[in-house]
Amino acid sequence: MARRSTEILTQTPQGLYCPLGDFHIDPVRPVDRALITHGHSDHARSGHRSVLATRETVLIMAIRYGEDFAGSTQAAPLREDIRIGEVTVRFTPAGHVLGSAQIAIEAGGTRIVVSGDYKRASDPTCLPYEVVPCDVFITEATFGLPVFRHPDTRDEVKKLLDSVALFPERAHIVGAYALGKAQRVMALLREEGYDRPIYLHGAMERLTEFYKSEGVPLGDTPKVGATERGSLGGAIIVCPPSSLQDLWSRRFPDPVSCFASGWMRVRARARQKGVELPLVISDHSDWDDLCGTILETGAGEVWVTHGQEDALVHWCETRGLQARPLHMLGYGDEGEAEEPFTPWVAMEQSAP
Ligand SMILES: [Zn+2]
Ligand SMILES: [Zn+2]
């Protein structure tokens, strides 16, 4: 018997819930059984009785929250069916950060894909996104406005290297989220042939070591020592975005403040954060990739979550797809959507 999509997945205050399998996906509050798409803190929270996620996501959660972050954990193998209650679930790479996965839920011939966060741009630090054909596709919309078209990341990294060449005595301090973005920036620098040490803020160390242990080549990444900051002229240092404005970053020689984020497309935001060198590098899909992915899944119904929901819902409707926004609270990537976002700020950028 064909199942209606809302029989398979519903919205609860804890997050998306599958009554036929009695589990939540990326719940924002502690639940009995959680399926987790990826390790960003808005999706992966501690305190669940049991967690099912990819092996990498389970390990990332243990690094962030401690070994006892859940009552029990189970590693989900990629691309394999797992039976839970009356449904079958399957984890497939989402291309967002190491270990990130989309979760497909199938029952009675209806398949819903919860994509979590995803991107289509290439990323040397994680498996690429794989299209999963489905009836209902649940998409993020962090950059869900036509104004958002991410540039080639290689050009962004070249801007950083050009600046290092131009100002060999200045320290270049790159703010980047600790899970995913920081390691991607380092990997992109290595791809461009940068072979000097890339210095790390202490908060980056454990996740970066984990990426290396998973076979992501990041080269020499020493931790910045407390006393050596003054001697790091000409070096590249990676730190959490919040440290850019701290006293911590002012101890470096004539620092150039850089920030790697999709939001750097919005020049007003770079200015407001005092960023001298904005690097438009995002781990989310831009507008074209959101629209293209929706079409590739073949879904007739689209649910849109965290971000610019209305524009994407409207776009779906113009294509004859059923669409609705899920106004879910508690999501927004580690600061990629940390602040309330006003579309007109972005619109300003699209003016000539
Ligand atoms: Zn997210
Ligand atoms: Zn995320």
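Residues numbered from 1 in each chain as written. Chains lettered and ligands numbered in written order. Predicted model: local features only at pLDDT ≥ 70, side-chain atom pairs only at ≥ 80, totals over all residues.

Peer 1: Tell me about the domain arrangement of the chain, and please be specific about residues and values.
Peer 2: Partitioning the chain into domains gives domain 1 (5-147 + 284-350) and domain 2 (153-279). Put simply, the middle of domain 1 and the middle of domain 2, counted by C-alpha atoms, are 28 Å apart. Facing the 22 residues of domain 1 at the interface are 22 residues of domain 2. Mapped onto the side of domain 1 that touches domain 2, the elements with two or more residues apiece are helix H2 (55-65) and helix H10 (343-350). (Domains from an automatic or database assignment. Contact = placed C-beta atoms within 7 Å. Helix = DSSP H or I, 4+ residues; strand = E, 2+ residues; numbered from the N terminus.)

Peer 1: Let's hear about the pairing of strand S17 (residues 301-307): which residues, and what values?
Peer 2: Across the 7 residues that make up S17, a large majority, 6, are buried. Pairing of strand S11 (residues 136-141) with S17 involves 6 bridges; the strand directions are parallel. By the bridge assignment, Glu-140 is partnered in S17 with Thr-305. Alignment of S17 against strand S18 (residues 322-325), held across 4 bridges, turns out to be parallel. Across the sheet, the residue bridging to Glu-301 is Gln-322, located in S18. (Buried ≥ 20, exposed ≤ 12 C-beta atoms within 10 Å, placed from the backbone. Pairing = 2+ DSSP bridges.)

Peer 1: So what's going on with the UniProt feature "domain: Metallo-beta-lactamase" (unreviewed entry) in the chain? Residues and values would help.
Peer 2: According to UniProt, the feature "domain: Metallo-beta-lactamase" (unreviewed entry) maps to residues 28-164 in the numbering used here. In residues 28-164, the share of helix is 17% and the share of strand is 31%. The end C-alpha atoms are 41 Å apart. (UniProt positions renumbered as here; feature names shortened; annotations may be inferred.)

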